[in-house]
Amino acid sequence: MLAATCRRYGAPEVLKIEGVARPTPKADEILVQVRASSVTSGDVRMRAFTGAGIFWLPMRLLFGVLRPRNPITGMEFAGTIAAVGKGTREFAVGDAVFGMKIGGANAEFLAVREARAIVAKPEGLTFEEAAVVPFGALSALEFLRDFVRIEPGQKILIHGASGAVGLFAVQLAKHFGAHVTGVCSTANLDLVTSLGADQVIDYSKDDFTQGSDVYDAILDTVGGTSFSRSKRVLAPHGRHVFVVQTLTQLVQALWTSMRRGRRVIVGFSGGDSKDDLLLIKRLIDTGAIRPVIDRTYLLQEIADAHRYVDTGRKRGGVVVSVDAVG
Ligand SMILES: NC(=O)c1ccc[n+]([C@@H]2O[C@H](COP(=O)([O-])OP(=O)(O)OC[C@H]3O[C@@H](n4cnc5c(N)ncnc54)[C@H](OP(=O)(O)O)[C@@H]3O)[C@@H](O)[C@H]2O)c1
């Protein structure tokens, strides 16, 4: 089969399209014929290995010290079941599915453990649309539920509201009954409004830390906000949650956890919960949330897709279509 591979860390040029062995599903795995996958901000970080900061060493130990342990790139996928392992029960050959597995999705076939984040594809979505859901939606769900501890009536500000995590965070926070303010650039104001944000702030014109609104939570999905500046507009027991962390924020998180009052929270998303992905699917089925596709590339154009995601300016998801391979 054809797959996009990354055999050393570096610029998008390290990516190649190669012929590799098609995976054989183990007893507890299913084989997915991938119709569409994606390039996420996580994929470009894992390729370039920049921005890992203080997590550089643990991340290298996890993903490969000198070179990527799993050379096949990609983590989001949507496709059809091509074969099922002997011990699996949930899916039959031909079923349409979508899911997330770190490594291996930018390929014609992918073996996934049935117990992991793989569920039936929402009928209302194309394979391309389904392929840009899991990374952003699962991360947004985990951050809102486990770190923000979102509640109906809360006032939440979401910084980076047009990215993969941010646009699902806006929609999920609305679904959970919060009052949502989205922060984005001028070009994305209409998009963030269309996702249901109650208010939008154009960061190129206004600084939310100087406004008169007070928030129960600030969710920073892209970096750039600071606790010391945000305190003014954070409620006395408010939480400033960082999806992307620096050493300063880790120290602040430790310090504020030992005191009463405003808290800094740094979090991590596992992104492999089947139950969470089932919840996301149900919310898509009911129309509560929807994906946004920015651009679509062919598998053969994987390096161009990475170059675009490297800009840090994508709106929602970047699809890698595997359908047209061969
Ligand atoms: N900790 C974890 O477990 C975890 C989980 C998931 C993701 N992450 C990390 O979270 C970050 C966000 O992920 P993502 O996939 O949502 O990224 P993304 O889709 O690449 O984000 C792109 C968006 O960020 C916006 N943006 C860029 N600079 C901005 C700024 N200064 N202020 C406000 N918005 C800005 C851009 O909008 P404009 O063009 O309008 O500025 C663009 O729409 C990544 O660094 C990712 O690695 C961490």
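See the structure above.
Every value quoted in this text rests on a predicted model; they were computed, and no experiment measured them.

S.K.: Lay out the overall build of the protein chain in plain terms, naming residues and giving numbers.
M.R.: Within the protein chain, the regular secondary structure consists of ten helices and 15 strands. Seen along its three principal axes, the alpha-carbon backbone of the protein chain occupies a region of about 55 × 45 × 35 Å. Looking at the protein chain as a whole, 53% of its 326 residues are labelled buried. Within the protein chain, counting contacts between residues at least 6 apart in sequence, those at least 24 apart form 67% of the total. Within the protein chain, the 33 negative side-chain charges are centred at a point lying 7 Å from the centre of the 39 positive side-chain charges.

S.K.: Can you explain unusual backbone geometry? Please cite residues and give values.
M.R.: Positive phi, close to 60 degrees, is recorded for R149, a residue that is not glycine. Among the structural elements, R149 can be located in the loop between α4 (134-148) and β8 (155-159).

S.K.: Please give an account of the environment of F91 that cites residues and values.
M.R.: By the secondary structure assignment, F91 is in the loop between β4 (76-84) and β5 (96-100). Under the relative-accessibility criterion, F91 is labelled buried at 10%. In this structure, the C-alpha to C-alpha distance between F91 and A140, residues 49 residues apart in sequence, is 27 Å. For F91, the contacting residues outside a window of four places in its chain are I30, I81, V84, V97, E114, I118, V119, A120 and K274.

S.K.: Residues and numbers for the pattern of salt bridges, please.
M.R.: Under the defined criterion, the tally for this structure stands at 14 salt bridges. Across the pair R116 and D272 runs a salt bridge, and its minimum N-O distance is 3.1 Å. You can see R116 sitting in the loop between β6 (109-113) and β7 (118-120) and its partner D272 sitting in the loop between β13 (263-266) and α9 (274-285), a full 156 residues away along the chain. Judged by its relative accessible area of 35%, D272 falls in the partly exposed class.

S.K.: An account of the site of the ligand is needed here, citing residue identities and associated values.
M.R.: The ligand sits among 25 residues. The nearest are S41, S185, Y203, S269 and K314. In this structure, S41 approaches the ligand through a side-chain N or O atom, which is 2.7 Å from an oxygen atom. Against a free-state accessible area of 930 Å², the protein chains account for coverage of 86% of the ligand. If one sorts the elements of the shell around the ligand by residue count, α4 sits on top with three residues. For the shell around the ligand, the residue count by class is nine nonpolar, 13 polar and three charged. Split by domain, the residues of the shell around the ligand number at least three in each of domain 1 (2-133 + 291-321) and domain 2 (135-266).

S.K.: I'd like a rundown of the nonpolar core, residues and numbers included.
M.R.: By size, the foremost hydrophobic cluster in this structure holds 54 residues, and its most contacted members are L144, I156, I158, L172, L219 and I280. In terms of residue count, α4 provides more of this core than any other element does, nine residues in total. When residues of this core are assigned to domains, at least three map to each of domain 1 (2-133 + 291-321) and domain 2 (135-266). Apart from the residues lying within four places of it in its own chain, the contact partners of L172 are A137, A140, L141, L144, I280, L283 and I289. Counting 26 residues, the second largest nonpolar core, distinct from the first, contains I30, A105, L110 and V322.

Calculation rules
- Residues numbered from 1 in each chain as written.
- Predicted model: local features only at pLDDT ≥ 70, side-chain atom pairs only at ≥ 80, totals over all residues.
- Heavy atoms only, no water.
- Helix = DSSP H or I, 4+ residues; strand = E, 2+ residues; numbered from the N terminus.
- Buried < 20%, exposed > 50% of the residue type's maximum accessible area, 1.4 Å probe, protein only.
- Contact = heavy atoms within 4.5 Å.
- Lys, Arg positive; Asp, Glu negative; His and termini not counted.
- Charge placed at Lys NZ, Arg CZ, Asp CG, Glu CD.
- Salt bridge = Lys/Arg side-chain N within 4 Å of Asp/Glu carboxyl O.
- Near = heavy atom within 4 Å.
- Polar contact = N/O pair within 3.5 Å; in protein donor to acceptor, adjacent residues only side chain to side chain.
- Areas by Shrake-Rupley, 256 points an atom, 1.4 Å probe, with all protein chains shown as cover.
- Nonpolar A, V, L, I, M, F, W, Y, C, P; charged D, E, K, R; others polar.
- Domains from an automatic or database assignment.
- Core = buried A, V, L, I, M, F, W, Y, C linked by side-chain atoms within 4.5 Å.

Without other data, these values stay purely geometric and don't point to any function.
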